[in-house]
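Summary of structural features
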Protein chains: 2
Amino acid sequence: MSTAGKAQAIGVDRMRTSALARDLNFLLARANALALAAANTALAEHGLKPRSYSVLALAADDVLPTQRELAEFLRLDPSQIVAIVDELEKRGLVERHPDPSDRRANVVVATEAGRALFARAQKSTRAVERALKAAVPPEERERLGELLRQLAFRE
Amino acid sequence: MSTAGKAQAIGVDRMRTSALARDLNFLLARANALALAAANTALAEHGLKPRSYSVLALAADDVLPTQRELAEFLRLDPSQIVAIVDELEKRGLVERHPDPSDRRANVVVATEAGRALFARAQKSTRAVERALKAAVPPEERERLGELLRQLAFRE
DNA sequence: TATTGTTATACTCTATAACTATA
DNA sequence: TATAGTTATAGAGTATAACAATA
């Protein structure tokens, strides 16, 4: 019979050689889970989360995105962007500026305080990123970023 | 002043050249979001989700994991594994077998029906994976998997 | 008629603590 | 005393639909 008669547990290590551990979807999910956990910890001391950090980053980088553009780029629902921008605005980190070319749209711009906080938060996330990248050989890190960019921005 | 006076929206395209788009955490999150959405669609026709698919995969691969080992490997809380195994067991896809070496532990084993469903679901996820990998040059795909494995399993 | 931002709501996911049975 | 599995629950995250203002 195919369901093993005596089912004895094995160690977690052996799971790493399973077919699932070669699955791209699974590897992406696990790598992302590890990175997310580390980023959450690093950003918490600045009162940010990965989501709000991303919005603040684009605002502080003078990208001048509308809320809709933020939603599309960050793959979030527009209504979620509302909540994130609300909170950042309440804390004086970003402002909603009317888009002169479309009065329906708000362009999200960082304040001085927002830029200062972002600069500090960025230091924390860069430390996390270095720790994450430590798992791959130095000469491969550039390539990893390039390959991930192709995955993340394929259309 | 640093907050741009006339805030005019730009296209989403320009966000791709922003500093955020070079952030490893962000790239992982976005690539994972894309892969997850595709996997969700592909697995839905089999009544599975990425989580339950992963548990079924390990059970069908005769890895003989305990629930605790599943929790650790999949980075989920043990109580979440309970719910997933409950559902798979109710559908006759897996069984809980007592671990002879530790009567507290359950080893999760796939039934014949579970193996059959997994084989079908795996075909769907492999198609998703091929579509995802199409974004990177063929000669780089092996390396991408290897690098992601290092990220996902660094300790 | 379509789109931007907004509000409201329901649903899923996640995190936590407490309990039981075994070790 | 510690661990595997379970249960319950609250909080965070996500998805959806409907609405007002503007295009």
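Before any of the text, the structure's been laid out above.
What you are looking at is a predicted structure, and each value in this text was computed from that prediction instead of being measured.

Here's the deal with the relation of the copies chain A and chain B
Aligned on chain B, chain A shows an RMSD of 0.0 Å; the corresponding rotation is 180 degrees and the shift along the axis is 0.0 Å. The transformation relating the two chain copies, once decomposed into turn and shift, fits a two-fold axis. By residue overlap, the copies meet face to face through one surface: 100% of the interface positions of chain A are interface positions in chain B.

Digging into the pattern of salt bridges
Residues and elements named next belong to chain A. Per the counting criterion, the structure on display carries 16 salt bridges over all chains. Between aspartate 86 and arginine 96 there is a salt bridge; the shortest N-O distance is 3.0 Å. Here aspartate 86, found in helix H4 (residues 78-90), pairs with arginine 96, found in strand S1 (residues 94-99); they are 10 residues apart in sequence, far enough to count as distant. Relative accessible area serves as the criterion here: at 32%, aspartate 86 is assigned to the partly exposed category. On the accessibility criterion, arginine 96 (22% relative accessible area) is partly exposed. What you see here is one network of salt bridges that share partners, running through Asp86, Glu89 and Arg96.

What about the protein's contact with DNA strand D?
DNA strand D sits among 18 residues. The nearest are Arg51(A), Asp77(A), Gln67(B), Arg68(B) and Arg104(B). Take Asn106(B): an N or O atom from its main chain is 2.9 Å from a phosphate oxygen of DNA strand D. Elements with a contribution of two residues or more to the surface near DNA strand D: H4 and strand S2 (102-110) of chain A together with helix H3 (67-74), helix H4 (78-90) and strand S2 (102-110) of chain B. Here the residues of the surface near DNA strand D are counted per class, giving 3 nonpolar, 6 polar and 9 charged.

Considering the packing of helix H2 (residues 50-60) of chain B against H4(B)
Each pair of packed helices gets described by two things: the angle between the helix axes and the distance between those axes. Residue and element names in this part refer to chain B. One way to put it is that H2 packs onto H4 with a least axis distance of 10 Å and a crossing angle of 75 degrees. Between H2 and H4, the interaxial angle falls into the category roughly perpendicular. Across from Arg51, Ser52, Val55 and Leu56 in H2, the residues of H4 making contact are Gln80, Ile84, Val85 and Leu88. When its residues are assigned to classes, the contact of H2 with H4 shows 5 nonpolar, 2 polar and 1 charged.

Overview of the protein's contact with DNA strand C
As a structural note, the neighbourhood of DNA strand C is formed by 18 residues, with Gln67(A), Arg68(A), Arg104(A), Arg51(B) and Asp77(B) the closest of them. The protein-proximal atoms of DNA strand C, defined as those within 4 Å of the protein, are 73% sugar or phosphate. Here a phosphate oxygen of DNA strand C and a backbone polar atom of Asn106(A) are 2.8 Å apart. Within the residue set of the surface near DNA strand C, elements represented by two or more residues are helix H3 (67-74), H4 and S2 of chain A together with H4 and S2 of chain B.

Thoughts on the interface of chain A and chain B
Facing the 81 residues of chain A at the interface are 81 residues of chain B. Of the roughly 8000 Å² buried at the junction of chain A and chain B (both faces included), carbon and sulfur atoms supply 64%. By the criterion of area lost to chain B, the three top residues of chain A are Met15(A), Arg30(A) and Phe73(A), representing 8% of everything that side buries. Linking chain A with chain B are 2 salt bridges. For the salt bridge of Glu140(A) with Arg143(B), the shortest nitrogen-to-oxygen distance reads 3.0 Å. Scanning the region where chain A abuts chain B turns up 12 residue pairs in polar contact (both at pLDDT 80 or more). Sorting the residues of the side of chain A that touches chain B by element identifies helix H1 (24-44), helix H2 (50-60), H3, S1, S2, helix H5 (112-133) and helix H6 (138-152) of chain A as the ones contributing at least two each. With 13 residues, the single largest contributor to the side of chain A that touches chain B is H1(A). Residues belonging to the side of chain A that touches chain B are distributed by class as follows: 45 nonpolar, 16 polar and 20 charged.

The rules behind each value
- Residues numbered from 1 in each chain as written.
- Chains lettered and ligands numbered in written order.
- Predicted model: local features only at pLDDT ≥ 70, side-chain atom pairs only at ≥ 80, totals over all residues.
- Heavy atoms only, no water.
- Least-squares fit on C-alpha atoms with pLDDT ≥ 70 in both.
- Contact = heavy atoms within 4.5 Å.
- Salt bridge = Lys/Arg side-chain N within 4 Å of Asp/Glu carboxyl O.
- Helix = DSSP H or I, 4+ residues; strand = E, 2+ residues; numbered from the N terminus.
- Buried < 20%, exposed > 50% of the residue type's maximum accessible area, 1.4 Å probe, protein only.
- Near = heavy atom within 4 Å.
- Polar contact = N/O pair within 3.5 Å; in protein donor to acceptor, adjacent residues only side chain to side chain.
- Nonpolar A, V, L, I, M, F, W, Y, C, P; charged D, E, K, R; others polar.
- Axes fitted to C-alpha atoms, helices over the stretch in contact; angles between N-to-C directions.
- Parallel < 35°, antiparallel > 145°, perpendicular 65-115°, else oblique.
- Buried area = accessible area lost by both parts, 1.4 Å probe.

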